[in-house]
Amino acid sequence: MTAVAESLSTGATPQRARTKPLLSLRAVGSLVDKDPRKVGELIESGEIAWAFALSLAQKPGRDRYIRVLPAAVAYYLKGRACELQWADVLGLMLPDAPTILANEITRILNVSSGHTYHLIEQKQIIGHPPRRRGAGGRARVPMKSFEQFLRQRRFP
């Protein structure tokens, strides 16, 4: 019986590893042993690269809802300048598919599902259908739309 199970499992296509979600300022602060305000200063100075402002309203004086790429924090902890380019970052964050489900965006961005759907409703991310309850109610987002959103939200 185990031979059958082994032959079935070895022939299966390996799934791509799930990416780690982006980190909040508090999470980064706990990793680098600094308070969130100091982490924000490190991001603004460029010492920690690849941060994204994910707030619903991009207005001055509002909370920017910053999230940071874990790999960028790793570079900072090693005392090295981050060498990642856009293609590298997208490869770390996004699955290799033409579309992505809204619940996967929620996980990647490390935000609530309500926040993700508000971004979709405000057409900052294009999703189809925008929102529907029940089975199959998750919005499908074209990968190009999500990539464009990330490019626009790069911080600073």
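The structure we're discussing is the one just above.
In this report, we go over the structure that sits alongside the text.

Calculation criteria
Residues numbered from 1 in each chain as written. Predicted model: local features only at pLDDT ≥ 70, side-chain atom pairs only at ≥ 80, totals over all residues. Heavy atoms only, no water. Salt bridge = Lys/Arg side-chain N within 4 Å of Asp/Glu carboxyl O. Helix = DSSP H or I, 4+ residues; strand = E, 2+ residues; numbered from the N terminus. Buried < 20%, exposed > 50% of the residue type's maximum accessible area, 1.4 Å probe, protein only. Core = buried A, V, L, I, M, F, W, Y, C linked by side-chain atoms within 4.5 Å. Contact = heavy atoms within 4.5 Å. Phe/Tyr/Trp six-rings, centres within 6.5 Å; stacked < 30°, edge-to-face > 60°. Lys NZ or Arg CZ within 6 Å of the ring centre and 35° of its normal.

## Points about the pattern of salt bridges
Now for step 1: In total, this model carries 3 salt bridges according to the counting rule given.
Now for step 2: Glu41 is the salt-bridge partner of Arg37, the closest N and O atoms lying 3.0 Å from each other. Here Arg37 pairs with Glu41, and both are found in helix α3 (residues 36-45), just 4 residues apart, close to one helical turn.
Now for step 3: Given a relative accessible area of 54%, Arg37 falls into the exposed group.

## A closer look at the nonpolar core
Now for step 1: Core analysis: the biggest nonpolar cluster contains 29 residues, and Met93, Leu109, Phe146 and Leu150 have the highest contact counts within it.
Now for step 2: Contributions of two or more residues to this core are made by α4 (70-77), α5 (86-93), α6 (102-109), α7 (113-121) and α8 (143-152).
Now for step 3: Those residues in contact with Phe146 that sit more than four places away from it in its chain are Leu94, Ile100, Ile105, Leu109, Ile125 and Val141.
Now for step 4: With 13 residues, the next largest nonpolar core counts Val28, Ile43, Ala53 and Phe155 among its residues.

## Brief notes about the packing of aromatic side chains
Now for step 1: Evaluated as defined, the whole model comprises 3 aromatic pairs.
Now for step 2: These aromatic residues form a ring-pair network of at least three members: Trp50, Phe52 and Trp86.
Now for step 3: The positively charged end of Arg151 is found above the aromatic ring belonging to Trp86, 4.7 Å away from the centroid.
Now for step 4: Residue placement shows Arg154 over the ring face of Trp50; its charged tip is 3.5 Å from the ring centre.

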